[in-house]
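# An overview of the molecular structure
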Amino acid sequence: MSHITDTVHEFILSEFLPGEDPANLTATTPLITGAILDSLATIKLVAFLEERFKITIQAHEADADHMDTLTDITKLVTSKL
Amino acid sequence: MATTALHDLLARAAQRHPDAMAVEDTVGKPEVATGITYRELDRLSDRLRDRLRVQGVNAGDRVGLYLRKSADGVASMFGILKAGAAYVPVDPTAPPPRNAYILDNCSVTSVVVERRFEQRLRAEMEALGRVPALIVVDEVGAGRGLGDALDREDRGTPVPTRPSSRPSPHDLAYILYTSGSTGKPKGVMLSHENATSFVDWCSETFGLTTSDRCSSHAPFHFDLSILDIYLTLKHGATLVLVAEEIGKEPQRLAQFIAGRRLSVWYSAPSILGLLAQYGNLARLDLSALRLVLFAGEVFPIKHLRLLQDQVPKPRYFNLYGPTETNVCTFFEVPGRVPDDRTEPYPIGGACSHLRTRVVDPEGRTLPAGEAGELCVAGPGVMQGYWNLPEQTARAFLPESQAERWYRTGDIVSEAPDGNYVFLGRRDRMVKRRGYRVELGEIESALYRHALVLEAAVIALPDAESGVRIKAFLTCRDGKRPTLIDLKAFCAQHLPAYMVPDLFAFADTLPKTSTDKIDYQRLKELD
């Protein structure tokens, strides 16, 4: 896993899945459609990504089309670095 | 003039302001506004009225609405009312089996459904044994989708035009389903008089004009939509529908409110809290905004202060009331929240069309200042729960045969200034993002999971989001599902706002001496 994926993986586990076995959260686990990220959690994740990677995520990108999996999120962040 | 039939509001406004914009929507393209005038809305709803009657819809029937928020949806409501039926809106984002249950439960004669939901709905209704007549709208937006669907139907069989229904005050106008403690949603039956008495009170209190531009943020299955739709259209103002996809994103939503020059805003406090924290409101021109109304849950005082600091001009109102009565008490926030205030504002005093009192568990009226259950009487109080006579009976004070006093389940006390202060619930219902959540309905869903042996759900206070929902589970043969699996499972069976935030596993759950789950000890365990 890339550094970005690792960082996001750790953030989601600690914030939204406390107690989950880290191995169960994979690159393709559905996050928004799987109810792991609700609307408030998505806003928090976006704020975290913007702060951590010094990027700007457009409001319309904060949805299941762009952020439903760790793979999607890594791709989105990478495209902005 | 007091209103009689809810749909008369539209007919009258259309006579007075035929060319004014009635509803703006933004389906699919949130940045592009489309709309429908009063004349068009009235005409479109007349056409649906006539079509529904040909389909066999009679006065007293129910008709479902399974559409994204749109002018087409608003036109459908009026068409259904004009046909003499009650509309039953379902949440298009909720799991299809739950929606099918609702439509089957109140045995709808017909459903106005958007093409994208049609196939699943048919399959689910077939599984339940009866598929109602459908009017299928390809794609909603500005009423054009509904218009096209009616054109298509008319090419097959033209319909005669007949006048709109003349309902009596107690005839049902709509049924709104809310979370039910026994695991299934329950239908709150509201009549024309319930709605019109409330809307007339709103007119008296908020004084709308034709130049107002009012938000419709709440979905149509949520009772906040009644104020949005009917108050706005009664006054010939413009209803601006907030699309689902931007309604939860604070920055886009803030730009939408500024860009559309909204003058009246109404929503649950949670979205206002997010706007205050993440919306960059101070940088926007919100000068058109004159009224900010909120209801559905307690507004954390620090978020309200943060909002007022950025948007100081509007008057702010805390509206309170369950779906069964709609708003029954209200409180105007007196100016800016003082820096040292930490407790939330009161829910206020009774609306002029209703009466309230506070009772002890035996139903005796308590002196001012003592904590008890708030009860409500008057023309705004629901007709009952659909097909649930026992739950309906329990919802009212027993001695009140002549005068029906609805028991809200909310514990309040009356402060010396006459305002009620909300203290808590007498049962296991909580509010989350303004929605009612029966913890029992979440437990019911969890019990359907193959590995779950026992489930107990509690709500924990949370400074940021109001409450967090935590599920305690015991599992068959010690085989635990993963948290990820549990969340996905819940999302298939429950609306998003009911999915627990936290899960915990135990070997056994604490029990009372009568072998019931001991929720008090669960909370202490936490």
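Calculation criteria
- Residues numbered from 1 in each chain as written.
- Chains lettered and ligands numbered in written order.
- Predicted model: local features only at pLDDT ≥ 70, side-chain atom pairs only at ≥ 80, totals over all residues.
- Heavy atoms only, no water.
- Axes fitted to C-alpha atoms, helices over the stretch in contact; angles between N-to-C directions.
- Helix = DSSP H or I, 4+ residues; strand = E, 2+ residues; numbered from the N terminus.
- Parallel < 35°, antiparallel > 145°, perpendicular 65-115°, else oblique.
- Left-handed = near helix turned anticlockwise from the far one by under 90°.
- Contact = heavy atoms within 4.5 Å.
- Pairing = 2+ DSSP bridges.
- Buried < 20%, exposed > 50% of the residue type's maximum accessible area, 1.4 Å probe, protein only.
- Buried area = accessible area lost by both parts, 1.4 Å probe.
- Salt bridge = Lys/Arg side-chain N within 4 Å of Asp/Glu carboxyl O.
- Polar contact = N/O pair within 3.5 Å; in protein donor to acceptor, adjacent residues only side chain to side chain.
- Nonpolar A, V, L, I, M, F, W, Y, C, P; charged D, E, K, R; others polar.
- Phe/Tyr/Trp six-rings, centres within 6.5 Å; stacked < 30°, edge-to-face > 60°.
- Lys NZ or Arg CZ within 6 Å of the ring centre and 35° of its normal.
- Right-handed = clockwise from strand over helix to strand, strands pointing away.

As a further point, take the packing of helix H2 (residues 38-54) of chain B against helix H6 (residues 144-156) of chain B. Residue and element names in this part refer to chain B. Remark: H2 packs on H6, axes separated minimally by 10 Å, with the N-to-C direction vectors making an angle of 40°. By the angle between their axes, H2 is oblique relative to H6. In this structure, H2 crosses over H6, and the sense of that crossing is left-handed. For the pair formed by H2 and H6, the contact residues are Leu 44, Arg 47, Leu 48 and Arg 51 on the first element and Leu 146, Gly 147, Leu 150, Asp 151, Glu 153 and Asp 154 on the second.

Turning to the sheet that holds strand S24 (residues 466-475) of chain B, a few remarks are in order. Residue and element names in this part refer to chain B. Reading across the sheet, the 3 strands line up as S23-S24-S25 and stay open at both edges, with mixed pairing between neighbours. Edge positions in the sheet fall to strand S23 (452-462) and strand S25 (502-505), since each of these pairs with one other strand and no more. Ignoring strand direction, the axes of neighbouring strands in this sheet form an average angle of 25°. Direction of pairing for S23 relative to S24: antiparallel, over a ladder of 10 bridges. Bridging across to S24, Ala 455 finds its partner in Leu 473. Taken strand by strand, helix H14 (residues 439-447) contacts S23, S24 and S25, and its axis lies near 145° from that of S23.

It is worth spelling out unusual backbone geometry at this point. All names here are of chain B. One non-glycine residue, Arg 261, adopts positive backbone phi at about 55°. Position of Arg 261 relative to the elements: it lies in the loop between helix H10 (250-259) and strand S11 (264-267). Residue class for Arg 261 comes out partly exposed when judged on its relative accessible area of 37%. Even without glycine at this site, Arg 433 takes up a positive phi of about 50°. Structurally, Arg 433 can be placed in the loop between strand S21 (429-432) and strand S22 (435-438).

This paragraph deals with the interface of chain A and chain B. On the side of chain B, 18 residues touch chain A, which itself brings 20 residues to the contact. A buried area of about 1,600 Å², summed over both sides, lies between chain A and chain B, and 67% of it is on carbon and sulfur atoms. For the pair chain A and chain B, the number of links is 1 salt bridge. Where Arg433(B) meets Asp38(A), a salt bridge forms, and the shortest distance between an N and an O atom there is 3.0 Å. The interface formed by chain A and chain B holds 4 residue pairs in polar contact (both at pLDDT 80 or more) in total. The element that contributes the greatest number of residues to the side of chain A that touches chain B is helix H2 (residues 39-53) of chain A, accounting for 4 residues. Residues belonging to the side of chain A that touches chain B are distributed by class as follows: 10 nonpolar, 7 polar and 3 charged.

Let's shift gears to helix H15 (residues 483-493) of chain B. Within H15(B) the residues assigned to the buried category are Leu483(B), Ile484(B), Leu486(B), Lys487(B), Phe489(B) and Cys490(B). Contact partners of the buried residues in H15(B): helix H1 (3-16) of chain A together with H14, S24 and S25 of chain B.

How two aromatic rings sit relative to each other is set out by the distance from centre to centre and by the angle between their planes. All names here are of chain B. A full pass over the atoms with the stated rule returns 15 aromatic pairs over all chains. For the pair Phe 331 and Tyr 345, a centre-to-centre distance of 5.6 Å together with 25° between the ring planes defines the contact as stacked. Of this pair, Phe 331 sits in strand S14 (residues 329-332) while Tyr 345 sits in the loop between S14 and strand S15 (349-350), placing them 14 residues apart in sequence. With a relative accessible area of 11%, Phe 331 lands in the buried category. Plain terms: the ring middles of Phe 396 and Tyr 406 are 6.0 Å apart, the flat faces sit at 75° to each other, and that makes the pair edge-to-face. On the criterion of sequence distance, the pair formed by Phe 396 in the loop between helix H13 (389-395) and strand S19 (406-414) and Tyr 406 in strand S19 is long-range, its members being 10 residues apart. Side by side, Phe 396 and Tyr 406 carry an identical accessibility label, which is buried. Within the aromatic cluster, the residues linked to one another by ring pairs are Phe 198, Trp 201, Phe 206, Phe 317 and Phe 330. For Arg 428, the ring lying beneath its charged end belongs to Tyr 519, and the centroid distance is 3.8 Å.

Residue and element names in this part refer to chain B. Pairing is antiparallel in the open sheet, where 4 strands are placed in the order S16-S17-S19-S20. Of all the strands in the sheet, the pair left with one neighbour each is strand S16 (355-359) and strand S20 (420-425). Sheet twist, expressed as the mean angle between neighbouring strand axes with direction ignored, is 45°. The sheet contact formed by S16 and strand S17 (residues 372-377) spans 5 bridges and is antiparallel. The partner of Thr 356 across the bridge, within S17, is Val 376.

All names here are of chain B. Scanning the entire structure with this criterion turns up 42 salt bridges over all chains. Arg 290 serves as the salt-bridge partner of Asp 212, at 2.8 Å between the closest nitrogen and oxygen. Of the two residues, Asp 212 is situated in the loop between helix H7 (192-206) and strand S9 (213-216) and Arg 290 in the loop between helix H11 (269-278) and strand S12 (291-295); the sequence distance between them amounts to 78 residues. Where Asp 285 meets Arg 261, a salt bridge forms, and the shortest distance between an N and an O atom there is 3.1 Å. Highlighted residues: Asp 285 in the loop between H11 and S12 and Arg 261 in the loop between H10 and S11, separated in sequence by 24 residues. When its relative accessible area of 45% is taken as the criterion, Asp 285 is described as partly exposed. Through salt bridges with shared partners, a single ionic network connects Asp 42, Asp 46, Arg 49, Asp 50 and Lys 82.

The next point concerns the pairing of strand S3 (residues 62-66) of chain B. All names here are of chain B. Summarising burial for S3: 5 of the 5 residues are buried, a large majority. Here S3 shows no split at all, with Arg 62, Gly 64 and Tyr 66 on one side and Val 63 and Leu 65 on the other all buried. Of the pairings in the sheet, the one linking S3 to strand S4 (residues 86-89) comprises 4 bridges and is parallel in character. Within the sheet, the bridge partner assigned to Leu 65 lies in S4 and is Pro 89. One crossover worth recording links S3 to the parallel S4 by way of helix H3 (residues 71-82), and it is right-handed. Note: S3 against strand S5 (residues 110-114), 4 bridges, orientation parallel. Residue pairing for S5: Val 63 is matched across the bridge by Ser 110.

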